[in-house]
Amino acid sequence: MTSGLLAVIDMQRVFAEPDSPWAAPRYAEAAAGVRRLLPAHGDRTVFTRFVAPARPEGAWRAYYDRWSFALRPPDARLWELTDDFGDLAPRVLDAPTFGKWGPSLAALAEPEGRLVLAGVSTDCCVLSTALAAADAGIEVLVAADACAGADDDSHAKALHIMDLYRPLVRVTTVAQLLAEAQ
C-alpha cells in the first residue's frame, strides 16, 4: 500500500456521458488510471462528488443561470458515480464547490502526509483541490494519466500550471505512483 490518501475527484455520470454538456472526452482513460490506483490505496481512498447547492448564492447564481440543467438534488442520476465506481467507493464526500479540499477531506488526510489526486476535470475540480491542499501544507501528487479535462488542451494546461507549484504539487503518472508503492 502507498502512503497518503487517494482522492478520486468527481467520477460521475455528468462528466462521463457523451451527451452531457460537462462531458470529459477522455473520461474512460482517466477511469482506467483510477482503477489501477485503487488497489494500492485500499481503504485510504475517498471519492468526491460535485453536487449543486439547494439554492445558489453569490457568483454561483450566474453560474447556474448558464448551467441550469445541473440544478438537481444530490440524489439525481447525473450526480451518481459511474457504474464502475459505485461499488468501489469506500467513502464519498459531496461538495457544491469545485475544490474538494475542506474540513472533511482534510480530516481524512494525514497531517504531514500526502494527497494523491485523480479524476475530473483536471482544469477545474482537480486543479482547485490541488492548490487548496498545497496551501494547507499537504504534499499533492496528481496522477496525470488518471485525470481528464474538458478537452486535451485544457488538461495539458492545468497539469502545467499545477507542476509550477513544485515541490508542493507534483504531476506524475500512475506507473510512477505504483512503482513508489513497491
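This one's a predicted model, so the numbers in the text were calculated from it and none came from an experiment. (Residues numbered from 1 in each chain as written. Predicted model: local features only at pLDDT ≥ 70, side-chain atom pairs only at ≥ 80, totals over all residues. Heavy atoms only, no water.)

Participant: Break down the overall build of the protein chain for me, with residues and values.
Facilitator: Counting its regular elements, the protein chain contains 8 helices and 6 strands. Computed over its C-alpha atoms, the radius of gyration of the protein chain comes to 15 Å, within 12% of the 16 Å expected for a compact globule of 182 residues. Once the C-alpha set of the protein chain is aligned to its principal axes, its extents read approximately 45 × 30 × 30 Å. Within the protein chain, the fraction of its 182 residues that count as buried is 48%. Restricting to contacts in the protein chain with at least 6 residues of sequence separation, those with at least 24 account for 79%. (Helix = DSSP H or I, 4+ residues; strand = E, 2+ residues; numbered from the N terminus. Rg over C-alpha atoms; globule rule 2.2 N^0.38 Å. Buried < 20%, exposed > 50% of the residue type's maximum accessible area, 1.4 Å probe, protein only. Contact = heavy atoms within 4.5 Å.)

Participant: Can you tell me about the environment of R36, naming the residues and giving the values?
Facilitator: Summarising the element assignment, R36 is placed in helix α2 (residues 27–41). Using a relative accessible area of 44% as the deciding quantity, one classes R36 as partly exposed. When neighbours within four sequence positions are excluded, R36 is seen to be in contact with D145, V174, A175 and L178.

Participant: Explain the environment of V8 residue by residue, including any values.
Facilitator: On the secondary structure map, V8 appears in strand β1 (residues 5–9). Of the residues examined, V8 reaches a relative accessible area of 0% and is grouped as buried.

Participant: Go over the layout of surface pockets, please, and point to the residues and values.
Facilitator: The volume enclosed by the largest pocket comes to roughly 240 Å³. Taken together, 15 residues line the largest pocket, and the ones lying closest to its centre are F15, W22, Y63, S121 and C124. When residues in the lining of the largest pocket are grouped by element, the largest group, 3 residues, is from helix α6 (residues 122–135). When its residues are assigned to classes, the lining of the largest pocket shows 13 nonpolar, 1 polar and 1 charged. (1 Å grid on protein atoms, 1.4 Å probe; cavity = no way out; pocket = protein on both sides within 12 Å on 5 of 7 lines; lining within 4 Å. Points joined across faces, edges and corners; volume = space filled by probe spheres on them. Nonpolar A, V, L, I, M, F, W, Y, C, P; charged D, E, K, R; others polar.)

Participant: How would you explain the side chain of R13 if you had to name every residue and give the values?
Facilitator: Note on placement: R13 falls in helix α1 (residues 13–16). We classify R13 as buried; its relative accessible area is 10%. Apart from residues lying up to four places away in sequence, R13 is in contact with R77, L78, E80, L81, T82 and D83.

Participant: How would you sum up unusual backbone geometry? Please name residues and give values.
Facilitator: With an omega of -15°, the peptide bond running from V120 to S121 counts as cis. Note on placement: S121 falls in the loop between β4 (114–120) and α6. Cis rather than trans, the peptide bond between R166 and P167 has omega equal to 0°. Along the chain, the position of P167 falls in the loop between α7 (152–163) and β6 (169–172). You will see that D10, though not glycine, has its phi angle at about 55°, which is positive.

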